[in-house]
Amino acid sequence: MIARYKLLLTIAAVALLQVSAAYGAAVLPQYSHDKTLGVGSCASSLCHGAVETWRDSNVFQNEYVTWSRSDKHARAYAVLLNDKSKAIAKKLALPKPAHESDLCLDCHTHNPKPAQRTQGFQIADGIACESCHGPADRWVKSHVEPGATHANNVARGMYPTEDDVSRARLCLSCHLGTKDKFVTHKIMSAGHPRMSFELDTFTQIGPAHFRIDADWQRRKGSWNEVRAWAIGQAVASQELLTLLQGPRGRDGLFPELVLFDCHSCHHPMADVRNTAARVGAGPGFVRLNDANLLMLRQIARRVVPADAAVFAQHVERLHKSVASGSDALAQARAVEQLIAAMIPKISSHKFSGEDLKAVMLGLIDDGLTGQYSDYQGAEQAVMAMQSVADLLGRQNLMRTQPLKPTIKRLLATVSQDEKYQPAAFTKVLRELKTNVETGTGK
Ligand code: HEC
Ligand code: HEC
Ligand code: HEC
Ligand code: HEC
């Protein structure tokens with residue numbers, strides 16, 4: 001009996017390994033063993049540095065110009081030289097200035113090990129092409145040869161940025177953090193801004209230096225904004241739960257506060273909100289930052305309807321065990337495993353018009369029942385509604401033009417975290433619900 005049980009466990013472990021190998025297991029560019037050539041190798045006007053887009057090319061070829069002129073990643077290193085960074089480094093009593101500390105360099109530029117740097121590499125270039133597309137040593141020549149394919153480039157060390165799970169892991173490695181690099185509450189208290197990220201929204205405001213057209217899809221597979229949003233939520237939730245369980249999840253006697261909802265502590269006492277009640281664990285406790293989990297609960301209802309209730313129960317149990325202090329790590333692990341199983345299903349899910357409308361209304365209803373009374377949940381919900389509405393409009397599934405002014409007002413209610421008023425948020429949300437239900441639907 002025990003032997004059979006062990007065998008089953010082994011099979012399950014192998015299946016899990018295969019899943020994780022297929023989904024987002026590519027080595028992040030910073031830790032690749034390939035050598036980084038530096039942005040100069042990409043920037044020539046015959047390559048990616050043309051001022052105008054090329055007519056006969058399947059990529060714009062002005063990616064360098066877009067990046068260097070209007071992408072904040074190009075200036076991410078320079079940030080480390082400004083007064084704000086100097087103040088942070090001083091408050092943290094770092095032994096070296098910010099622009100020489102790996103603590104900061106790991107996210108504010110491409111910071112591979114010295115052995116992976118070539119002469120062309122400049123730390124001051126910031127988050128350049130190879131920070132996202134992978135060190136180019138083995139693919140720089142082959143990616144422009146006749147007959148080059150994306151699969152071959154990836155086999156030669158190009159990072160699969162087109163794959164939602166891999167892209168989510170890449171972006172979130174800096175925009176949320178990992179076990180190897182992380183903005184702790186201590187760093188935030190020294191002046192680092194709060195982090196917020198949503199994969200679809202942030203991919204679009206980049207600004208994007210690529211165009212998803214029929215040619216892109218032929219070369220790289222399908223692209224769907226709502227699927228990307230869903231994957232972004234799943235990967236971020238997974239990362240948060242991993243951090244919670246690891247050594248990063250503690251700060252001395254306390255759990256690492258960054259993993260909790262900032263505003264569950266940081267709001268004036270006179271402003272009594274009793275927000276903790278929403279997770280069913282009684283008043284006055286510090287909530288885990290569940291913004292991504294709230295979105296994922298909505299996604300589960302469409303993608304794995306049979307398991308959605310179980311998922312919701314586990315999240316509730318997680319909140320309760322965080323509040324009571326018993327079994328929290330085991331609960332975090334259980335939720336993390338449910339998410340790992342969900343990721344391949346989200347990846348292969350075809351989001352239909354019905355799904356999109358249901359997600360939109362589900363988000364609104366969760367908001368109306370007070371689920372987004374914590375700021376970070378509301379912030380994620382608004383970004384989600386915007387992505388879903390965009391896609392519904394573009395696919396002609398709903399007349400979303402009339403929704404835009406209401407969504408804009410909803411955005412205004414979350415534009416300043418310190419000033420967030422749950423009541424003002426739900427008021428606009430109620431209007432949005434009426435808009436969606438009356439006359440604007442098709
Ligand atoms: C885990 C990755 C990570 C680490 C580690 C990190 N940062 Fe950041 N930092 C970011 C991201 C991402 C942003 C952008 C946040 C946003 O706008 O959403 C940012 C923003 C900033 C900003 C504000 C930039 C602006 O345009 O106003 C400063 C200043 C800053 N970081 C300094 C530092 C310093 C100094 C350190 C080291 C002590 C550091 N960061 C460590 C990821 C990181
Ligand atoms: C912050 C991450 C990031 C940085 C930095 C970055 N890219 Fe990209 N790039 C992406 C993403 C995401 C895509 C879209 C997915 C894809 O096509 O793989 C993309 C797509 C592309 C494409 C493919 C377009 C297509 O139709 O196949 C090219 C070419 C490209 N980038 C070149 C560059 C160059 C050159 C640089 C540096 C000047 C650069 N990128 C910097 C993330 C980045
Ligand atoms: C190596 C770390 C790193 C990676 C990888 C990374 N980013 Fe960033 N990103 C940063 C930092 C640091 C900043 C802040 C720069 C600044 O404020 O000047 C930033 C800023 C941004 C901004 C501007 C935000 C604002 O407030 O204006 C967007 C949008 C963005 N990143 C999207 C992405 C996306 C999408 C990906 C994945 C394709 C990605 N990033 C990957 C570190 C990273
Ligand atoms: C468990 C409660 C708790 C949570 C959750 C929490 N903080 Fe704090 N935070 C504190 C305490 C306590 C201090 C120290 C205040 C002091 O020194 O006066 C602090 C200090 C700060 C400070 C410095 C303010 C000052 O007066 O020195 C900043 C900035 C900050 N936190 C940001 C954040 C952000 C951003 C988050 C969420 C990502 C967050 N905090 C989550 C309790 C919390």
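Sequence order as written defines the numbering, with residues in each chain counted from 1. Key to labels: chains lettered from A, ligands numbered from 1, both in the order written. Per-residue local features are limited, in this predicted model, to residues with pLDDT of at least 70; the limit for side-chain atom pairs, both in listing and counting, is 80 or more; totals at the level of whole chains, interfaces and linings are taken over all residues. Side-chain numbers come from the whole structure's heavy atoms, not from hydrogens or water.

Draft legend 1. Examining helix α4 (residues 83-91) more closely. Of all the residues in α4, the buried ones are Ser85, Ile88 and Ala89. An end-on view of α4 places all buried positions within 95° of arc, on one side of the element. The exposed set on the far side of α4, more than 90 degrees from its buried face, consists of Asp83, Lys86, Lys90 and Lys91. Contact between two residues is taken to exist if any of their heavy atoms lie within 4.5 Å; hydrogens are not considered. In this text, helices come from DSSP runs of H or I with a minimum length of four residues, and strands from runs of E with a minimum of two, each type numbered from the N-terminal end. Among the structural elements, α3 (76-79) and α9 (185-189) are those in contact with the buried residues of α4. Summary of the burial criterion: residues with accessible area below 20% of their type's maximum are buried, those above 50% are exposed, and those between are partly exposed, where the area comes from a 1.4 Å probe applied to protein chains only. Comment: arc refers to directions from the helix axis out to C-beta atoms.

Draft legend 2. Spotlight on the site of ligand 3. Throughout, near means a residue has at least one heavy atom within 4 Å of the molecule or strand. By nearness alone, 15 residues border ligand 3, and His73, Ile127, Cys171, Cys174 and His175 come closest of all. Side-chain atoms alone can form a polar contact between residues adjacent in sequence; in general such a contact is a pair of N or O atoms within 3.5 Å, and within protein one must be able to donate a hydrogen while the other accepts it. A distance of 2.7 Å is found between a nitrogen atom of ligand 3 and a side-chain nitrogen or oxygen belonging to His73. Looking at the shell around ligand 3, the elements with two or more residues in it are α3, α5 (102-108), α8 (164-175) and α10 (199-205). No other element matches the five residues that α8 contributes to the shell around ligand 3.

Draft legend 3. Structural view of the coordination of the iron atom of ligand 2. We call an atom a donor if it is N, O or S and sits within 2.8 Å of the metal, or 3.2 Å for Na, K and Ca. Water is not counted, so some sites may look partial. On the protein side, the iron atom of ligand 2 has His133 (NE2) and His209 (NE2) as donor atoms, found 2.0 Å from it. Any coordination sphere not matching a tetrahedral pattern (four donors, all angles between 85 and 135 degrees) or a square planar or octahedral pattern (four or six donors, opposite donors over 155 degrees apart, other angles between 65 and 115) is reported as irregular. What the six donor atoms of the iron atom of ligand 2 show is an angle range of 88 to 180° at the metal, which sorts the shape as octahedral. Placement of the pair is His133 in helix α6 (residues 129-133) and His209 in the loop between α10 and α11 (214-220), with a sequence separation of 76 residues. Given a relative accessible area of 23%, His209 falls into the partly exposed group.

Draft legend 4. Summary view of the domain arrangement of the protein chain. Here the limits of each domain have been adopted from an automatic or database domain assignment. Assigned domains of the protein chain: these are domain 1 (32-159) and domain 2 (225-437). Its C-alpha centre places domain 1 at a distance of 32 Å from the equivalent point of domain 2.

Draft legend 5. The arrangement of helix α14 (residues 291-303) in detail. A rise of 1.5 Å per residue sets the reference length of α14, with its 13 residues, at 18 Å; its end C-alpha atoms lie 19 Å apart and thus fit the reference within 8%. Counting buried positions along α14 gives 11 out of 13 residues, so the element sits mostly inside the fold. Regarding α14, the residues found buried are Ala291, Asn292, Leu293, Leu294, Met295, Leu296, Arg297, Gln298, Ile299, Ala300 and Val303. Structurally, α14 contributes buried residues whose contacts are with α12 (225-245), α15 (305-324), α16 (328-348), α17 (353-368) and α18 (375-394). The length a helix should cover is 1.5 Å for every residue beyond the first.

Draft legend 6. Structural context of a nonpolar patch on the surface. Together, Leu253, Phe254 and Leu257 give the surface a local cluster of nonpolar side chains, amounting to about 350 Å² of exposed area. Along the chain, Leu257 falls in the loop between β2 (254-255) and α13 (262-265). Distance thresholds for patches are 9 Å for like charges and 5 Å for nonpolar side chains (Val, Leu, Ile, Met, Phe, Trp, Tyr), applied to residues having over 30% relative accessible area and no salt bridge. Working definition of accessibility: Shrake-Rupley area with a 1.4 Å probe, residue cover restricted to the visible protein chains. Each reported salt bridge corresponds to a side-chain nitrogen of Lys or Arg within 4 Å of a carboxyl oxygen of Asp or Glu.

Draft legend 7. Up close: the pattern of salt bridges. Counted according to the given criterion, the structure contains 20 salt bridges. Of the charged contacts in the structure, one is a salt bridge between Arg302 and Asp355, with a shortest N-O distance of 2.9 Å. Here the residue Arg302 occupies a position in helix α14, and Asp355 occupies one in helix α17, the gap between them amounting to 53 residues. Linked through salt bridges whose partners overlap, the residues forming this network are Arg278, Arg287, Asp290 and Asp374.

Draft legend 8. The nonpolar core, seen in detail. Counting residues in each nonpolar core, the largest one holds 74 residues, and the members touching the most others are Phe311, Ile339, Ile346, Met360, Met385, Phe425 and Leu432. Considering each element in turn, this core owes the most residues, 12 residues, to α12. When sequence neighbours within four positions are dropped, the list of residues in contact with Phe311 reads Leu293, Leu296, Arg297, Ala300, Val335, Leu338, Ile339 and Met342. Residues enter a nonpolar core if they are buried and are Ala, Val, Leu, Ile, Met, Phe, Trp, Tyr or Cys, with the set joined through side-chain atoms within 4.5 Å. Counting six residues, the second largest nonpolar core, distinct from the first, contains Tyr77, Ala89, Cys104 and Leu105.

Draft legend 9. Geometry of the coordination of the iron atom of ligand 4. Protein coordination at the iron atom of ligand 4: the donors are His185 (NE2) and His266 (NE2), at 2.0 Å from the metal. Taken together, the six donor atoms coordinating the iron atom of ligand 4 span angles of 88 to 178° at the metal, a pattern that classifies the geometry as octahedral. Taken together, the positions of His185 in helix α9 and His266 in the loop between α13 and α14 put the pair 81 residues apart, joining distant regions of the chain. Its relative accessible area of 54% is what places His266 among the exposed residues.

Draft legend 10. Seen up close, the packing of aromatic side chains. To pair, rings of Phe, Tyr and Trp, with the six-membered ring standing in for Trp, must have centres within 6.5 Å; the planes then decide the type, stacked if under 30 degrees apart, edge-to-face if over 60, and tilted in the middle. Under the definition given, this model contains seven aromatic pairs. Each ring, one from Phe210 and one from Trp223, has its centre 6.0 Å from the other, and the planes form 65°; the classification is edge-to-face. A residue pair is termed long-range when its members are at least 10 positions apart, and Phe210 in the loop between α10 and α11 and Trp223 in the loop between α11 and α12 qualify at 13 residues. Judged by its relative accessible area of 31%, Phe210 is partly exposed. Both rings, one in Tyr375 and one in Tyr420, keep their centres 5.5 Å apart while their planes meet at 70°; by these two values the pair is edge-to-face. Here the residue Tyr375 occupies a position in helix α18, and Tyr420 occupies one in the loop between α19 (404-413) and α20 (422-437), the gap between them amounting to 45 residues.

Draft legend 11. Summary view of the site of ligand 1. With respect to spatial proximity, 17 residues lie near ligand 1, and among them Leu103, Cys104, Cys107, His108 and His192 are the closest. Side-chain polar atom of His108 to a nitrogen atom of ligand 1: 2.8 Å apart, as the coordinates give it. Contacts to ligand 1 include His192, whose side-chain N or O atom sits 2.7 Å from a nitrogen atom. Of all elements in the fold, only α4, α5 and α8 reach the threshold of two or more residues within the shell around ligand 1. When residues of the shell around ligand 1 are assigned to their parent elements, the largest contribution, four residues, is made by α5. When residues are grouped by polarity, Ala, Val, Leu, Ile, Met, Phe, Trp, Tyr, Cys and Pro land in nonpolar, Asp, Glu, Lys and Arg in charged, and all others, Gly among them, in polar. Classifying every residue of the shell around ligand 1 by side-chain character gives 11 nonpolar, five polar and one charged.

Draft legend 12. Just the environment of Cys107, in detail. Along the chain, Cys107 turns up in helix α5. Among residues more than four places away in sequence, those in contact with Cys107 are Ile127, Ser173, Cys174 and Lys181.

Draft legend 13. View of the packing of α12 against α16. Only the stretch in contact is used when a helix axis is fitted, and all axes are lines through C-alpha atoms; the angle between N-to-C directions ranges over 0 to 180 degrees. Contact pair α12 / α16: the axes reach a minimum separation of 9 Å and the direction vectors enclose 155°. Relative to α16, α12 is oriented roughly antiparallel. The handedness of the crossing between α12 and α16 comes out as left-handed. Where α12 approaches α16, its residues Arg227, Ala230, Ile231, Ala234, Val235, Ser237, Gln238, Leu241, Thr242, Leu244 and Gln245 are matched on the opposing element by Leu329, Ala332, Arg333, Val335, Glu336, Ile339, Ala340, Ile343, Ile346 and Ser347. Counted by class, the contact of α12 with α16 contains 13 nonpolar, five polar and three charged residues. Oblique is the label for any angle not covered by the other classes, which are roughly parallel (under 35 degrees), roughly antiparallel (over 145) and roughly perpendicular (65 to 115). The handedness criterion is simple: a crossing whose near helix is rotated anticlockwise from the far helix by less than a right angle is left-handed, and one whose near helix is rotated clockwise is right-handed.

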